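Structural description and commentary
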Amino acid sequence: MKFAIVLFALFAVALAAPSDDVVLKQEFDNIGVDGFNYAFETSNGIAAQEQGQLKNAGTELEALAVKGSFSFVADDGQTYTVNYIADENGFQPQGAHLPVAPTA
């Protein structure tokens, strides 16, 4: 749950930064103890969406499982997208521009 709080704080700071960009879309649904769901999109091409769910609540195996994506327009004019899962196995990003670890 700490991960979700930190994540929300980071997005709040990013959205509050002075800029000429406009938030085009912002959704927050199902924000609660057992999970959350949010999405946003700005006029400068930044977009993100994420959903999280508390797994094994109240047990020693309790973990927050998160799935989401974000995209942005880089200085080279290309839009880059990262899809990810973050759970008890760590942060697992995937994107066409990201390097892939060699298989054993």
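Notes on the structure in this doc start here. Computed from a predicted structure; not experimentally measured.

A closer look at the pairing of strand 6 (residues 90–94)
With 5 bridges connecting them, strand 5 (residues 79–87) and strand 6 associate as antiparallel partners. From the neighbouring strand, Ile85 faces strand 6, where its bridge partner is Gln92. The antiparallel pairing of strand 5 with strand 6 creates a hairpin that spans 2 residues between the two strands.

Considering the sheet that holds strand 5
Think of a sheet as strands paired side by side through backbone hydrogen bonds, with each pair either parallel or antiparallel. With antiparallel pairing, the 6 strands of this open sheet are ordered in space as 1-2-3-4-5-6. Sheet topology places strand 1 (23–32) and strand 6 at the edges, where each strand pairs with a single neighbour. Ignoring strand direction, the axes of neighbouring strands in this sheet form an average angle of 10 degrees. Here 7 bridges tie strand 1 to strand 2 (residues 35–42), and the two strands are oriented antiparallel to one another. Across the sheet, Gln26 pairs through a bridge with Phe40, a residue of strand 2.

Comments concerning the packing of aromatic side chains
The way to describe two aromatic rings as a pair is by their centre distance and the angle between their planes. In this structure the tally under the stated criterion is 5 aromatic pairs. A ring pair is formed by Phe36 and Tyr38, whose centres lie 6.4 Å apart and whose planes are at 15 degrees; its orientation type is stacked. Comparing Phe36 with Tyr38, the two get one shared label, buried. Geometrically, the ring pair formed by Phe70 and Tyr84 is tilted, given 6.2 Å between the ring centres and 45 degrees between the ring planes. Of this pair, Phe70 sits in strand 4 (residues 63–73) while Tyr84 sits in strand 5, placing them 14 residues apart in sequence. Among the residues examined, Phe70 registers a relative accessible area of 33% and is labelled partly exposed. You can call Tyr84 buried: its relative accessible area is 8%.

What counts and what doesn't
- Residues numbered from 1 in each chain as written.
- Predicted model: local features only at pLDDT ≥ 70, side-chain atom pairs only at ≥ 80, totals over all residues.
- Heavy atoms only, no water.
- Pairing = 2+ DSSP bridges.
- Helix = DSSP H or I, 4+ residues; strand = E, 2+ residues; numbered from the N terminus.
- Axes fitted to C-alpha atoms, helices over the stretch in contact; angles between N-to-C directions.
- Phe/Tyr/Trp six-rings, centres within 6.5 Å; stacked < 30°, edge-to-face > 60°.
- Buried < 20%, exposed > 50% of the residue type's maximum accessible area, 1.4 Å probe, protein only.

By themselves, these are just geometric observations and shouldn't be taken as functional.
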